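Commentary on secondary and tertiary structure
Chain by chain, the residues:
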Amino acid sequence: MDLLSSLNPKQAEAVTTTDGPLLVLAGAGSGKTRVITVRIAYLIAKKSVAPHNILAVTFTNKAAGEMRDRVQALLAGQKLSSLPLIATFHSLCVRILRQDIERLDEGYTRAFTIYDTDDSLKVIKACIKDLGFDEKQIVPRMVRAAISAAKNRGEDVEVFASSVDRSNEKYAAYARVFELYEERLGRANALDFDDLLIKTVRLLRRSPEVREKYNERFQYILVDEYQDTNPLQLALTRYLTEKQKNICVVGDDAQSIYGFRQADIRNILEFEKHFPDAKVILLEQNYRSTQTILDAAHSVIKNNLDQKKKKLWTERSGGDRIKYFQARDSDDEGRFVAAKIEDHRRRDASKRIAVLYRTNAQSRVFEEALRRSRIDYNIVGGFSFYERAEVKDIVAYLKLAVNPADNIALLRVINTPARGIGRSTIELLEQSARQSGTSLWEVVKAVTDSAAREPSILQPRARAAVASFRKTVEGLQKKLEPSTTTDRPVSEVVISAIEDSGYADMLRSENSEESLGRLENLEELVNAAAEYDRTPETGLREFIDHAALTSDSDKFDSNAGVTLMTVHSAKGLEFPIVFIVGLEDGVFPHARSVNDARELEEERRLAYVAITRAENLLYVSHSMRRRVYGEEMAAEPSQFLNELPLELIDDLSRGPSWLTYASATTGSARRKSSEGTPDSSEGEPARSRNVYTGKTYNSADAIEEFFRRRESGATNDTSVNGARLGGDDDATPAQGRRGNYAPTTSLKGVEAIEPGSYVQHSKYGRGLVLRREGKGESSKLTISFPGYGMKKLVEKYANLQKA
DNA sequence: AAGTAAATTTTTTTT
DNA sequence: AAATTTACTT
């Protein structure tokens, strides 16, 4: 079979340029995955490269899995001596570290445990407590974020501590927590997600032999979604390709959406600097979307200043117009989406549909609406299998058996199921561990040792309970000994963790619907473990690693009719029909992105990613009211809606909408001046001047208009769901929170400015308050000003009037 | 020690 | 609104 026949000249060039550094700038839908997979097949089939000399790196298991499938399909029928390694950055690092971490001489052994975000947080909480800091002042989640960010920039504790401003108490505290955290992880023989990368990079840097070994092993390296790499991942890539230089990276700077994980867009923009003599190939033909959709995407992304200029084109001129809907509240939006999906399903059930939202929390409304309409759907993200408590419990038993120093795992299961080991007993054990400087497991052994000379620190009852726990874990450890011969090495240990611990009995005796569901989940876990029984090279350790690294959207079913997911997890996917929902200021773009212009640009790239998922038809919608923390609030349309080409949009709203007003004012100086200042410092209100002028929309006007119409009988609504317009209690968004009998007042006795209320600003006019941070006059307000986007203002200086 | 009621917090986005 | 943490019983 001719591998190249299905490629355009540019794609073919990207495939056949096998040697030396190569950057493929691949726009959305330009056949990026195609290029990578064909390239791998080409290396094997045409260049006679041994498959195991090829490494392809992705960010998600989902992407890795899909790539594996497609390469396999391309090479079907050929006998392969080995397989190419297609891995995520993290799983690649685990592989390397499981082999060579001992050469690092930091006390880590190959039996190391991986701590997930949850585990890390628990360690950090304990560190904060033991250092005598107050959790209110030194917020564990913030510390975790700061540590993770530092690690991904490639900083270790020392660098972090020395770069920190010592006069800043908070950061000085962070540095001390960081230090203790590292110490405790080391003692527990545990690595957090970021450590996987940082230790691997350190190992490669320090050990020329290890570097040599992997340069030798991986003759050809490919990196997918290169725009999402962070400094650590860049360093890793450079070390791995130091010698052979056969590095091919594929990505699109317009789709860089992981800045929050320290991804640095400069990695792709400056590839040629990092890898001299690099060749660059641009893929600009889009095979996915209609011209209308590309126009919409381009119209949004062009508001970003910081990007490589390229423009996608397609042979699919024209196409259906974009559909727009303004919902009354989020239930209304849910009903609209469900009704439209029902329509489409009836007409052509083969067309796959995606509902994309900014945050996972938004999924619920759509799930409920779809369920009510009896439409099957598939949801990606949210709670994954391995995040369920019962699964984590059993995995903790397994982790403990493999690595007894894992204190977090021990604390998780020492009293699960309940054995009568309570808070005070655990406190005693921890105290003893601190004193002797050993792990909790060592203490457990010591206090239950019948030959001990000193009297045990525990009462007989507690001591018996701890002894029983010890017996359970030791029973598991026995099963791990090499001498134990069985044909189901992994799943039998898992079964015994479930049964011998008493966990199964606990669930069985509870005998509720929920506990039975949990039992089923554990059966699932055994099934998953059974996969690892088949080959001798995959054992319990690999299974545990899998559980740690498989958290996300792994279970995406590419054949599902309707899929709900975040825009982030939709990256790399395509659907004939796409709904982008919740297009409101504060939601999308997210309220937290007001902090600086760079973050807002990332939100815009996110919008770009969302739009370019669509092949044929794109729906955009927003709601006028939304629940935030259980409280109903007014919402303003997203500034990104304003950046769409309005002339390409059909309005499906009942009655007048934002679009009605926006279109009416189009033609005047519509969003001309966009001199954003991307690098300006933080905290300044006047900073993000990404202003679109001319068109302002005031929701109060719209509501008034609604009522005028309703009174004259013009909105006899018989549309989609027959929802009643302008219900009694949500008539005016400006009215603010419901059920607030005694409005909060400031010291002066004036009504306080609360989220959900409207204010008047001298320059930006009327705006909706989205968030309030801090107390009193110096608190910061995040406000959505229609026509100007979101601003973060300090109440004291902004001179705001209630409106 | 364990269970319940009350108070408090939570929302980016993911390996 | 839901989930998590704390305070208070038994």
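Conventions we followed
Residues numbered from 1 in each chain as written. Chains lettered and ligands numbered in written order. Predicted model: local features only at pLDDT ≥ 70, side-chain atom pairs only at ≥ 80, totals over all residues. Heavy atoms only, no water. Helix = DSSP H or I, 4+ residues; strand = E, 2+ residues; numbered from the N terminus. Buried < 20%, exposed > 50% of the residue type's maximum accessible area, 1.4 Å probe, protein only. Contact = heavy atoms within 4.5 Å. Areas by Shrake-Rupley, 256 points an atom, 1.4 Å probe, with all protein chains shown as cover. Polar contact = N/O pair within 3.5 Å; in protein donor to acceptor, adjacent residues only side chain to side chain. Salt bridge = Lys/Arg side-chain N within 4 Å of Asp/Glu carboxyl O. 1 Å grid on protein atoms, 1.4 Å probe; cavity = no way out; pocket = protein on both sides within 12 Å on 5 of 7 lines; lining within 4 Å. Points joined across faces, edges and corners; volume = space filled by probe spheres on them. Disulfide = S-S within 2.5 Å. Core = buried A, V, L, I, M, F, W, Y, C linked by side-chain atoms within 4.5 Å. Axes fitted to C-alpha atoms, helices over the stretch in contact; angles between N-to-C directions. Parallel < 35°, antiparallel > 145°, perpendicular 65-115°, else oblique. Left-handed = near helix turned anticlockwise from the far one by under 90°. Near = heavy atom within 4 Å. Expected span 1.5 Å × (residues − 1). Pairing = 2+ DSSP bridges.

Looking only at helices and strands, one finds 31 helices and 22 strands in chain A. Looking at chain A as a whole, 54% of its 803 residues qualify as buried. Partitioning the intrachain contacts of chain A with sequence separation of at least 6 by distance along the chain shows that 74% fall at a separation of at least 24. If you sum the accessible surface of chain A, you get close to 36,300 Å²; carbon and sulfur atoms cover 48% of it.

Moving on, we get to the environment of Asp 194. Its place among the elements puts Asp 194 in helix H9 (residues 193-206). Asp 194 sits in the buried class, given a relative accessible area of 10%. Each C-alpha atom, one on Asp 194 and one on Thr 117, is 9.9 Å from the other, the two residues being 77 residues apart in sequence. Every residue in contact with Asp 194, bar those within four places of it in the chain, is listed here: Ser 148, Lys 151, Asn 152 and Leu 232. Looking at Asp 194, its side chain comes within polar contact range of the side chain of Asn 152, at 3.1 Å.

Turning our eyes to something else, we now look at the pattern of salt bridges. Evaluated as defined, the whole model comprises 54 salt bridges. Across the pair Arg 288 and Glu 574 runs a salt bridge whose closest N-O atoms are separated by 2.7 Å. Of this pair, Arg 288 sits in the loop between strand E8 (279-283) and helix H14 (291-301) while Glu 574 sits in the loop between helix H26 (567-570) and strand E13 (575-580), and the two are 286 residues apart along the sequence. Several salt bridges converge on common partners, so that one network encompasses Lys 32, Asp 224, Glu 225, Asp 228 and Lys 571.

With that settled, the discussion passes to the layout of surface pockets. Of the voids in this model, the second largest pocket is the one considered here, and its volume is about 1,200 Å³. Taken together, 37 residues make up the lining of the second largest pocket; nearest its centre are Arg 626, Arg 627, Val 628, Tyr 629 and Glu 631. Counting only elements with at least two residues in the lining of the second largest pocket, the list comes to helix H15 (330-347), helix H16 (363-372), strand E15 (625-628), strand E16 (631-634) and strand E19 (765-773). With five residues, the single largest contributor to the lining of the second largest pocket is H16.

Attention shifts here to the state of the cysteines. Tallied over the entire structure, the rule returns zero disulfides. Here Cys 93 is not disulfide-linked; the sulfur of Cys 248 is the nearest cysteine sulfur, at 20 Å. Owing to a relative accessible area of 0%, Cys 93 belongs among the buried residues under this scheme.

Counting 68 residues, the largest nonpolar core has Leu 92, Leu 196 and Leu 236 as the members making the most contacts within it. Here Leu 236 is in contact with Phe 89, Leu 92, Cys 93, Leu 197, Thr 200, Val 201 and Leu 204, once residues within four sequence places are set aside. Ile 394, Val 443, Ala 497 and Ala 547 belong to the second largest nonpolar core, which has 48 residues in total.

Turning next to the packing of helix H6 (residues 140-152) against H9. Between H6 and H9, whose axes approach to 9 Å, the crossing angle comes to 25°. Overall, the two elements H6 and H9 adopt an arrangement that is roughly parallel. Viewed along their axes, H6 and H9 form a crossing whose handedness is left-handed. Taken together, the residues of H9 that come into contact with H6 (itself represented by Ser 148, Lys 151 and Asn 152) are Asp 194, Asp 195, Leu 197 and Ile 198.

Neighbouring DNA strand C are Lys 125, Arg 364, Arg 627, Tyr 629 and Gly 630. The separation between a phosphate oxygen of DNA strand C and a polar side-chain atom of Lys 125 is 3.4 Å.

Of note, Ile 649 is situated in strand E17 (residues 649-651). Excluding its chain neighbours within four sequence positions, the residues that come into contact with Ile 649 are Arg 321, Ile 322, Tyr 324, Leu 644 and Leu 659.

In this section: the side chain of Thr 566. In this structure, Thr 566 sits in strand E12 (residues 562-566). On the accessibility criterion, Thr 566 (8% relative accessible area) is buried. Contacts of Thr 566, omitting those with residues within four sequence positions, involve Leu 356, Tyr 357, Arg 358, Thr 359 and Asn 360.

It helps to recall that an α-helix has 3.6 residues per turn; residues three or four apart then point in one direction. Taking 1.5 Å as the rise per residue, H9 with 14 residues should run 20 Å; its terminal C-alpha atoms sit 21 Å apart, in good agreement. Burial analysis of H9 places 11 of its 14 residues in the buried class, which makes it a mostly covered element. Where H9 is concerned, the buried positions are Asp 194, Asp 195, Leu 196, Leu 197, Ile 198, Lys 199, Thr 200, Val 201, Arg 202, Leu 203 and Leu 204. Measuring from the backbone nitrogen of Asp 194 back to the side-chain oxygen at the start of H9 gives 3.0 Å, which picks out Asp 192 as the cap.

Moving on: unusual backbone geometry. With omega at -5°, the peptide bond leading from Thr 416 into Pro 417 counts as cis. Take Pro 417: it is sitting in the loop between helix H18 (407-413) and helix H19 (423-436). With an omega of 10°, the peptide bond between Phe 588 and Pro 589 qualifies as cis. In this structure, Pro 589 sits in the loop between E13 and helix H27 (597-611). Not every positive phi belongs to a glycine, and Ser 48 is a case in point at roughly 50°. Note that Ser 48 resides in the loop between helix H2 (32-45) and strand E2 (54-58). A positive phi is found at Arg 374, a non-glycine position, where the angle reads about 55°. Positionally, Arg 374 belongs in the loop between H16 and strand E11 (378-379).

What follows is about the pairing of E12. The buried fraction of E12 amounts to five of the five residues, a majority that puts the element mostly inside the structure. Here E12 shows two buried faces, one formed by Val 562, Leu 564 and Thr 566 and the other by Thr 563 and Met 565. Bridging between strand E10 (residues 353-357) and E12 involves five bridges; their strand directions are parallel. If you follow Val 355 over to E12, its bridge partner there is Leu 564. Two elements, E11 and E12, share two bridges in a ladder whose sense is parallel. Opposite Asn 378, over in E12, you have Thr 563 as the bridge partner.

Along the chain, His 344 falls in helix H15. With relative accessibility at 10%, the residue His 344 sits in the buried group. Note: C-alpha distance between His 344 and Gln 72 (272 residues apart in sequence) is 34 Å. Beyond its immediate chain neighbours, meaning those up to four positions away, His 344 contacts Ala 349, Ile 353, Ile 577, Leu 617 and Tyr 619.

The values are spatial; any link to function lies outside them.
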